[in-house]
Protein chains: 2
Amino acid sequence: MLLSGGLDSATAAAVAKSEGYITYGLTFDYGQRHRREIESSAAIARSLGFADHIIFPLDMRLITRSALTGQSQVPLDRPHAEIGLQIPATYVPARNIVFLSLALAYAETIGSTDIFIGVSQVDYSGYPDCRLAFIEAFERMANTGTKSAVEGAPFRIRAPLINMSKAQIVCLGVQLGVDYSLTWSCYLGGRRACGRCDSCRLRLDAFEKAGLKDPIEYEVR
Amino acid sequence: MLLSGGLDSATAAAVAKSEGYITYGLTFDYGQRHRREIESSAAIARSLGFADHIIFPLDMRLITRSALTGQSQVPLDRPHAEIGLQIPATYVPARNIVFLSLALAYAETIGSTDIFIGVSQVDYSGYPDCRLAFIEAFERMANTGTKSAVEGAPFRIRAPLINMSKAQIVCLGVQLGVDYSLTWSCYLGGRRACGRCDSCRLRLDAFEKAGLKDPIEYEVR
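All of the points below concern the structure found in this document. Values in this document were obtained by computation on a predicted structure and should not be read as measured data.

## Observations regarding the overall build of chain A
Item 1. A count of helices and strands for chain A gives 7 helices and 4 strands.
Item 2. The N-to-C order of helical and strand elements in chain A reads α-β-α-β-α-β-α-α-β-α-α.
Item 3. When burial is assessed residue by residue, chain A has 49% of its 221 residues classed as buried.
Item 4. Within chain A, residue pairs in contact and separated by at least 24 positions form 71% of the contacts whose partners lie at least 6 positions apart.

Structure follows, in structure tokens:
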């Protein structure tokens, strides 16, 4: 399980648990602007009873530049209609590719064949590495390039939320008992979520559409 | 350019230089048994006039186990006929997948579209991530999952040695002026190469078949 500390990966983890998987979590300390996400990932892993949870240091700033790792401005207060129209400044080059590759190394080591990732292509925020076509291409690549697959135990990249809107994800998570108060989505790392960045606004919008109240605190709702 | 410090990636780098590329090197400090490989990679990057060379810390031991990272024995003195018959103990789960993914992140950041890797499937030592089918699958995956590719600048994974024997690689490198005294192939990290591990023996065999003398020193030839 790739576990970011956010709402989507927490929900995907709950799906894996509900299917009876023994879950192993992998979270990257990749130079995020703040520690909130990483702390949230640990809380989620504990709350869902993960068998193990590794926080892997990976300083993406050595080779990439992105607003998400503090090297350029996070855009705030973009007109809502603009979200999803272009690949945002928070795009980290090849991020999910790198994350899935390391998850694959971990999975192959522990003898697991199923890797869960909480991406969705519905509320498509412009990230090419959140689309089903990418997930399928990654799976094919993994199954030509690893010992396990070549020896007859192919990998499956499981993206159970891929065709769900964020509102649907929240509904599913609530059904599965996910404690969303443990999750963190804001691009900034304040005491409370900012309520203004793309990530906060997509999250607030999802809870509103689902007819539910987001249990975390916001500066601005 | 993925640059390991070994003979193959040094030769692939010389191919890139001969084609007129401005070269950027990426080497991983991934918990190898010794520093010799990393020191060699820096020497090769200097000797070939790389525009930049990043040594990226990546502690694969956190998520993998392999003889190559010191967690089990490197097999020595295997009967020569056995080399290549099975995936060896030095296999690191998903290693080239992880390395190419980070090279992709780096390439996308600096605006490069061509990634060179010095793998060969001819003297196939049993690593599934050294085969052309894998390289092609990785390229397709990269071109569905990155912003650059989606916006019209697809990546090419260049493996110029893929169909060359190690003897042919050495011949080509010598023609291109590669200084093989700077390279390191031995799985162990002694003052001199051991001459007994698979990597030493494949290298010595290649020089012998090419009718050339390997300029590095060995404990046993």
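## Digging into helix H4 (residues 132-145) of chain B
An α-helical turn contains 3.6 residues, so any two residues separated by three or four positions project in the same direction.
Item 1. The end-to-end C-alpha distance of H4 of chain B, which contains 14 residues, comes to 20 Å, matching closely the 20 Å that a straight helix rising 1.5 Å per residue would cover.
Item 2. For H4 of chain B, the buried fraction is high: 10 of the 14 residues fall into the buried class.
Item 3. Those residues of H4 of chain B that are buried lie in contact with helix H3 (95-110) and helix H4 (132-145) of chain A together with helix H3 (95-110), helix H5 (147-150) and strand S4 (156-158) of chain B.

## A short note on the pairing of strand S2 (residues 52-57) of chain A
Residue and element names in this part refer to chain A.
Item 1. Summarising the sheet, strand S1 (residues 24-29) and S2 pair through 6 bridges and their orientation is parallel. By the bridge assignment, leucine 26 is partnered in S2 with isoleucine 54.
Item 2. In this fold, the crossover linking S1 to S2 by way of helix H2 (residues 36-47) has right-handed handedness.

## Here's the deal with the interface of chain A and chain B
Item 1. At the interface, 36 residues of chain A touch 36 residues of chain B.
Item 2. Listing elements by their share of the side of chain A that touches chain B, those giving two or more residues are S2, H3, H4 and helix H5 (147-150) of chain A.
Item 3. Among the elements that line the side of chain A that touches chain B, the one with the most residues is H3 of chain A, at 10 residues.
Item 4. By residue class, the composition of the side of chain A that touches chain B is 23 nonpolar, 7 polar and 6 charged.

Criteria and thresholds
Residues numbered from 1 in each chain as written. Chains lettered and ligands numbered in written order. Predicted model: local features only at pLDDT ≥ 70, side-chain atom pairs only at ≥ 80, totals over all residues. Helix = DSSP H or I, 4+ residues; strand = E, 2+ residues; numbered from the N terminus. Buried ≥ 20, exposed ≤ 12 C-beta atoms within 10 Å, placed from the backbone. Contact = placed C-beta atoms within 7 Å. Expected span 1.5 Å × (residues − 1). Pairing = 2+ DSSP bridges. Right-handed = clockwise from strand over helix to strand, strands pointing away. Nonpolar A, V, L, I, M, F, W, Y, C, P; charged D, E, K, R; others polar.

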